[in-house]
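Descriptive analysis of the structure
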Amino acid sequence: MDQPPFTWRGTPVSRRALLAGAGAVAAFLAVDLGAVAYANNWMGGRFTRQAIIDRFQALSGVHPGFRRNHAKGVAVSGRFESTGAAAELTVATVLAAGVSPVVGRFSLGGGNPTVADTPGAVRGFGVAIGFPGRDQWRSAMINLPVFPVNSPEAFYDQLLASAPDPATGKPDPAAMAAFLAKYPASKAATAVIKQHPPTPGFADSPFGGLNTFHFVDDSGVRTPVRWMLVPRQQARPPAATGPNGLFDALIQQVKAGPVAWDLRVVVGTDQDPVDPTLPWPADRRAVTAGTLVLDTIETESPGNARDLNFDPLALPHGMEPSDDPILGARSAVYAESYRLRTGEPKSPSAVQVDEVAS
Ligand code: HEM
């Protein structure tokens, strides 16, 4: 039965209606925002979106129908219970007090959709909060404290340096050392990342947006912000064997009951760095904007988060990007990955929710 779990401005809305709408908007965004980024000639030179897509494919192979990065994943849904505490900073409807529907996707970094789970692989969480359209907020976050690079060029060079050496099957340490020598900001970020080892599972991972954005209030005042999700539970230990240990533990946990994260909005100043390799001072004020509650987990399939583009520039009225060049690059590359995968034949996801015992 498709129970109406949400009431939106007085009207009950079913989850099925929400997902149908989300798919339609995803298609719209892939075309529209990609076109804007193209027009802005966001990278130029050899760092085009196609060059980055080619680099992902050279690293991981071509897997039709799958994302070119964060290819392995599982779809989730639930709700966001906004406290209204961030409404002082932004007119965004999803951050006014109230409840909004949520569609999301947990993933592992990298372009291989059947890669075996490892504790050190970057964990991703893409989320769309609110109904599709002008009021919806999308964000793709990862479990790192800072991003390892601060430009599209460095991102490209990092992909090059992480290519496996045919002799060992592992990245060439000399190539990685040369990359870090060329990009001191990445060297410093790597040291910060090492101080934050990964938690045991998805359910106890923090997830950070890492890029800087601006919240805009009803007087037009723009405040620099960063956001993160802080877990409210411990994770079930991942299975010791099998390729999907991290995903299977998450599936079991969500089947047993909802999992939740608090959304913390860190309030910056105009002096704080936009550069995502740099943490903000630890004493910055943070507001708990609400709690994200996930109660449903599904194998990737038509109409769920599989078919969304978690474009970081899909922002609602009241939120704006900073001038971090990573944001435009992400938007353009995600659009191209989305365009490719939606036009290709599909294969089943490696993570099959029904195959995991409760
Ligand atoms: C220049 C920098 C970056 C590039 C080129 C890049 C590239 C990509 C691509 C091609 C995808 C697949 C998109 C799709 O088909 O829908 C993707 C997904 C993703 N990226 Fe990035 N990315 C970048 C930076 C970041 C940053 C800074 C974060 C987090 C703070 C991030 C988090 C994610 C997540 C969580 C997903 C999976 C979202 C989903 O489930 O659809 N990425 N990225």
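Parameters at a glance
Residues numbered from 1 in each chain as written. Predicted model: local features only at pLDDT ≥ 70, side-chain atom pairs only at ≥ 80, totals over all residues. Heavy atoms only, no water. UniProt positions renumbered as here; feature names shortened; annotations may be inferred. Helix = DSSP H or I, 4+ residues; strand = E, 2+ residues; numbered from the N terminus. Buried < 20%, exposed > 50% of the residue type's maximum accessible area, 1.4 Å probe, protein only. Contact = heavy atoms within 4.5 Å. Areas by Shrake-Rupley, 256 points an atom, 1.4 Å probe, with all protein chains shown as cover. Donors = N, O, S within 2.8 Å, 3.2 Å for Na, K, Ca; no water. Core = buried A, V, L, I, M, F, W, Y, C linked by side-chain atoms within 4.5 Å. Expected span 1.5 Å × (residues − 1). Axes fitted to C-alpha atoms, helices over the stretch in contact; angles between N-to-C directions. Parallel < 35°, antiparallel > 145°, perpendicular 65-115°, else oblique. Nonpolar A, V, L, I, M, F, W, Y, C, P; charged D, E, K, R; others polar.

With an unreviewed UniProt entry as reference, the chain is termed Catalase-related peroxidase, source organism Mycolicibacterium chlorophenolicum. Regarding the chain, the UniProt comment filed under Sequence similarities (unreviewed entry) reads as follows: "Belongs to the catalase family." UniProt's Cofactor (unreviewed entry) comment on the chain is quoted here verbatim: "heme".

Along the backbone of the chain there are seven helices and 12 strands. Taken over 358 residues, the chain has a buried fraction of 52%. Here the analysis covers contacts within the chain between residues at least 6 apart in sequence; of these, 75% occur between residues at least 24 apart. Summed over its atoms, the accessible surface of the chain is roughly 15,500 Å², and 57% of this surface lies on carbon and sulfur atoms.

One donor from the polypeptide reaches the iron atom of the ligand: Y334 (OH), at 2.1 Å. Considering the arrangement of structural elements, one finds Y334 in helix α7 (residues 325–342).

Further remarks concern the nonpolar core. Counting 47 residues, the largest nonpolar core has L95, F106, F125, W137, L292 and L294 as its most contacted members. Excluding anything up to four places from it in sequence, L294 contacts V76, S77, G78, V102, F106, F125, V254, P258, V259 and W261. One finds F155, A161, A189 and V192 within the second-largest nonpolar core, a separate group that totals 23 residues.

Count 3.6 residues to each turn of an α-helix, and residues three or four apart come out pointing the same way. With 12 residues, helix α6 (residues 245–256) extends 17 Å between its outermost C-alpha atoms, agreeing within 8% with the 16 Å of an ideal straight helix rising 1.5 Å per residue. All of the buried residues along α6 are G245, L246, F247, A249, L250, I251, Q253 and V254. Packing partners of the buried residues in α6 comprise β3 (72–82), β4 (98–108), β5 (123–129), β10 (259–267) and β11 (286–298).

Where helix α4 (residues 173–182) meets helix α5 (residues 184–194), the axes come as close as 5 Å, and the angle between the chain directions of the two elements is 110°. The pairing of α4 with α5 is recorded here as roughly perpendicular in orientation. Two secondary-structure elements touch here, α4 through F179, L180, A181 and K182 and α5 through P184, S186, K187 and T190. Class assignment for the residues of the contact of α4 with α5 results in four nonpolar, two polar and two charged.

Moving on: the UniProt feature "binding site: heme" (unreviewed entry) in the chain. Within the UniProt annotation, "binding site: heme" (unreviewed entry) is assigned to Y334. Taking the relative accessible area as the measure of exposure, Y334 reaches 27% and is therefore partly exposed. If near-sequence neighbours (up to four positions away) are discounted, Y334 is found in contact with A140, N309, F310, D311 and P312.

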